[in-house]
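Architecture at a glance
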Amino acid sequence: MAKKVKIEDLLRPDNFNFDMVQVLSPEGKVVNKDLLPDLSDEELVQLMEDMVWSRILHERSTALNRQGRLGFYAPTFGQEASQLGSVAALKPEDYILPGYRDVPQLIKHGLPLHKAFLWSRGHVEGNNYPADFNAYPPQIIIGAQYVQAMGVALGLKKNGKDAVAATWTGDGGSSQGDFYEGINFAGAYKAPAIFFIQNNGWAISTPRSLQSAAPTLAQKAVAAGIPGIQVDGMDILAVYAVTKAARDYAVAGNGPVLIETMCYRFGPHTLSGDDPTRYQPDGVQEEWRAKDPLIRFRTYLESKGLWSQEKEEAVIERTKEEVKEAIKLADQAPKQKISDFLKNMYETPDFITAEQIKKFEAKENN
């Protein structure tokens with residue numbers, strides 16, 4: 001069981017306590033009242049609705065992928081508390097820089113669902129964001145978003161903005177050079193960034209034990225001189241509380257925070273042929289099933305009289321309808337053209353590219 005700790009004690013560069021922060025036990029019982037976030041009943045219900053929404057979105061996206069109606073898809077089943085608890089603690093003025101598995105955060109931050117589907121298909125419109133939407137498209141290069149988040153955070157600081165740049169990667173991403181460069185530079189210049197490591201235990205078939213000999217990934221923050229916190233990533237209240245505290249710390253001018261969320265993704269790394277049963281020990285999934293973030297939070301809300309099967313069914317049906325409408329919108333997007341690819345690549349095409357554009361346009365217009 002996680003020890004009772006105070007977040008303010010953890011938000012110090014010289015902190016060496018990396019005990020896992022937890023608010024709710026797997027049984028849905030409060031184990032640390034001091035860390036309970038100050039949320040209204042409506043806000044608590046919204047967190048549950050967000051997680052149910054995300055799980056149904058995962059189920060429908062998986063089905064659409066298998067039907068050939070979506071392209072690349074990285075499952076999120078099991079990581080709902082880590083993803084939705086963290087983005088819920090952010091504000092619209094904050095910038096988010098997701099990895100390829102972090103599409104739910106993008107949508108909850110304001111991205112229309114059909115745009116997420118177009119991104120999955122590799123359509124250029126899936127990356128065409130409104131100027132006032134503070135987010136970047138999902139990063140495919142593992143760990144690269146850490147350097148980008150550092151740059152965005154430094155820009156926010158230089159422009160005097162009361163906002164943070166938040167980014168996510170997995171345990172495998174924490175082994176990338178960009179990871180260290182991002183947290184180190186952000187720490188040196190006290191850039192307001194929140195770096196998340198979603199420790200799923202497996203980077204495809206590589207176990208966490210082969211990523212680093214460090215007892216925790218949160219303690220990698222020590223080398224950068226920034227606070228590092230480990231939190232129960234299956235506990236949405238703990239994730240929310242830690243993220244909110246980290247945001248307050250960062251916008252106050254103290255610099256970045258590294259947060260390791262201990263979670264588990266049920267199922268494969270992507271739907272591109274990965275099979276976790278080939279490399280994960282027997283019983284691992286069953287062990288984590290007992291820590292399912294939806295079951296845990298559902299139990300807690302039911303004990304407060306805030307949740308029911310009827311409410312959950314309503315969210316499920318609403319989400320299915322949302323997905324249905326979004327895929328229709330995605331289907332209506334104009335087909336991409338080779339000439340457009342070339343135009344998008346170069347602001348001012350060279351002579352040879354300009355000739356190629358004309359050539360393809362002539363074929364496309366016939």
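Definitions and limits used
Residues numbered from 1 in each chain as written. Predicted model: local features only at pLDDT ≥ 70, side-chain atom pairs only at ≥ 80, totals over all residues. Heavy atoms only, no water. UniProt positions renumbered as here; feature names shortened; annotations may be inferred. Helix = DSSP H or I, 4+ residues; strand = E, 2+ residues; numbered from the N terminus. Core = buried A, V, L, I, M, F, W, Y, C linked by side-chain atoms within 4.5 Å. Buried < 20%, exposed > 50% of the residue type's maximum accessible area, 1.4 Å probe, protein only. Contact = heavy atoms within 4.5 Å. 1 Å grid on protein atoms, 1.4 Å probe; cavity = no way out; pocket = protein on both sides within 12 Å on 5 of 7 lines; lining within 4 Å. Points joined across faces, edges and corners; volume = space filled by probe spheres on them. Nonpolar A, V, L, I, M, F, W, Y, C, P; charged D, E, K, R; others polar. Pairing = 2+ DSSP bridges. Axes fitted to C-alpha atoms, helices over the stretch in contact; angles between N-to-C directions.

Mapped onto the present numbering, the UniProt feature "domain: Dehydrogenase E1 component" (unreviewed entry) falls at residues 50–338. Taken as a whole, residues 50–338 contains 46% helix and 11% strand, while its terminal C-alpha atoms sit 38 Å from one another.

A word on the nonpolar core. Of all hydrophobic cores here, the largest spans 72 residues; its most connected members are Phe-117, Leu-237 and Phe-297. For this core, the leading source of residues is helix H9 (residues 236–254), giving 11 residues. Setting aside anything within four residues of it in sequence, one finds Phe-297 in contact with Leu-24, Leu-44, Leu-47, Met-48, Met-51, Ile-236 and Leu-237.

Before going further, it helps to examine empty space enclosed by the protein. All chains considered together, the criterion is met by 2 cavities of 30 Å³ or more. In this structure, the largest cavity encloses a volume near 180 Å³. Surrounding the largest cavity, 17 residues form its lining, Ser-61, Tyr-73, Val-103, Ala-116 and Phe-117 being those nearest its centre. Elements with a minimum of two residues in the lining of the largest cavity: helix H2 (41–66), helix H4 (103–109) and helix H5 (113–121). Looking at the lining of the largest cavity element by element, the count peaks at 5 residues for H5. Per-class residue counts for the lining of the largest cavity are 13 nonpolar, 3 polar and 1 charged. Here the second largest cavity defines a volume of roughly 40 Å³. For the lining of the second largest cavity, the class distribution of residues is 5 nonpolar, 4 polar and 1 charged.

This part is about the sheet that holds strand S3 (residues 193–199). Neighbouring strands of a sheet are bound in pairs by backbone hydrogen bonds; such pairs are parallel or else antiparallel. Read from one edge to the other, the open sheet built from 5 strands follows the order S1-S2-S3-S7-S6, with strand pairing classed as parallel. Two strands lie at the open edges of the sheet, namely strand S1 (95–97) and strand S6 (228–232), each paired on one side alone. Each strand axis lies, on average, 20° off the axis of its neighbour in the sheet, ignoring direction. Taken together, the 5 bridges between S6 and strand S7 (residues 257–262) define a ladder with parallel strand orientation.

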